[in-house]
Amino acid sequence: MPLQYSEIVLEHFRNPRNVGIIEDADAMAIEGSPACGDQIVVYLKVDKETKKITDIKFQSFGCASNIATGSMLTEMVKGKTIDEALRITWKDVAEALGGLPPVKMHCSVLAVDGLKSAIKNYLGEKREEKFTKEDLVNILSKILYPNLSIDIVSLKMVNYININEKGKVYIELVVSPEDPFRNHIKEEIEEKLKKVPEVKEIEIKFVY
Ligand code: FES
């Protein structure tokens, strides 16, 4: 059965905005999706005084949904401050596109992750790095339960989280032992958290 795309998705896919490279970018990032292996590259120009994103371009090596999301996302963040841009979620972009088929939600996650990585690179050393519970929830809310394409936080699979001062992350998950994706979810969380320099140790426990 063909995928059902909204008119907005189709329009942004056919005429994507802000595609390309910014040669003198202030920051860029390449981000890959653990779900499909596709990539997106995001370039930023930021006004040093106002911290507003004055220009943004992207190159997608993903699918139609990723191109449409990159197009919509770059339109949404242009002119916003980096703090405002960091508050945009993949759900906001998917909503602005009139929705995405559930199996394509991760393409939207990929685009937003690309933007966040580019901003992180821009902030570089200037930002005092501290990994908070909020950052952890952000990461967990981007992990989609396969088949449903709903994130594990919305599905109330995360029972408890904690981060201690030594960088140990502790997570309790409510996932049935019969769930075929139990280990897949655990591995995806570990994979994401291993990329965070402040996370030194990960313990994931199933409470069911
Ligand atoms: Fe990979 Fe959409 S399937 S980005």
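In case you missed it, the structure is sitting above this.
Keep in mind that what you see is a predicted model, and the values were worked out from it rather than measured.

A. Examining unusual backbone geometry more closely. Phi at Lys-51 takes a positive value of approximately 65°, unusual for a residue other than glycine. Relative to the helices and strands, Lys-51 resides in the loop between β2 (39–46) and β3 (53–60). With phi around 60°, Lys-156 is a residue other than glycine that occupies positive phi space. Looking at the secondary structure, you find Lys-156 in the loop between β5 (150–151) and β6 (158–163).

B. Layout of the environment of Gly-20. With respect to the helices, strands and loops of the structure, Gly-20 is situated in the loop between α1 (7–14) and β1 (27–32). Remark: the alpha-carbon pair of Gly-20 and Ala-64, spanning 44 residues in sequence, is separated by 16 Å. Discounting residues that sit within four places of it in the chain, Gly-20 has contacts with Tyr-43, Lys-57, Phe-58 and Gln-59.

C. Molecular detail of the pattern of salt bridges. Scanning the entire structure with this criterion turns up 9 salt bridges. Between Arg-17 and Glu-11 there is a salt bridge, with its nearest N and O atoms 2.9 Å apart. Residue class for Arg-17 comes out partly exposed when judged on its relative accessible area of 26%. Since its relative accessible area comes to 32%, Glu-11 is described here as partly exposed.

D. The nonpolar core, seen in detail. With 33 residues, the main nonpolar core has Leu-44, Ile-53, Leu-73, Val-77, Leu-115 and Ile-119 as its most contacted residues. Non-local contacts of Leu-115, meaning those with residues more than four positions away in its chain, are made with Val-42, Leu-44, Ile-56, Leu-73, Val-77 and Ala-85.

E. A look at the packing of aromatic side chains. If you walk through the whole model with that rule in mind, you get 2 aromatic pairs. Seen from their ring centres, Tyr-145 and Phe-181 are 5.4 Å apart, and the 85° between their planes marks the pair as edge-to-face. Here the residue Tyr-145 occupies a position in strand β4 (residues 144–145), and Phe-181 occupies one in the loop between β7 (168–173) and α7 (182–194), the gap between them amounting to 36 residues. Above the ring of Phe-206, the side-chain terminus of Arg-182 is found at 4.0 Å from the ring centroid.

How each quantity is defined
- Residues numbered from 1 in each chain as written.
- Predicted model: local features only at pLDDT ≥ 70, side-chain atom pairs only at ≥ 80, totals over all residues.
- Heavy atoms only, no water.
- Helix = DSSP H or I, 4+ residues; strand = E, 2+ residues; numbered from the N terminus.
- Contact = heavy atoms within 4.5 Å.
- Salt bridge = Lys/Arg side-chain N within 4 Å of Asp/Glu carboxyl O.
- Buried < 20%, exposed > 50% of the residue type's maximum accessible area, 1.4 Å probe, protein only.
- Core = buried A, V, L, I, M, F, W, Y, C linked by side-chain atoms within 4.5 Å.
- Phe/Tyr/Trp six-rings, centres within 6.5 Å; stacked < 30°, edge-to-face > 60°.
- Lys NZ or Arg CZ within 6 Å of the ring centre and 35° of its normal.

Keep in mind these values describe shape, not function.
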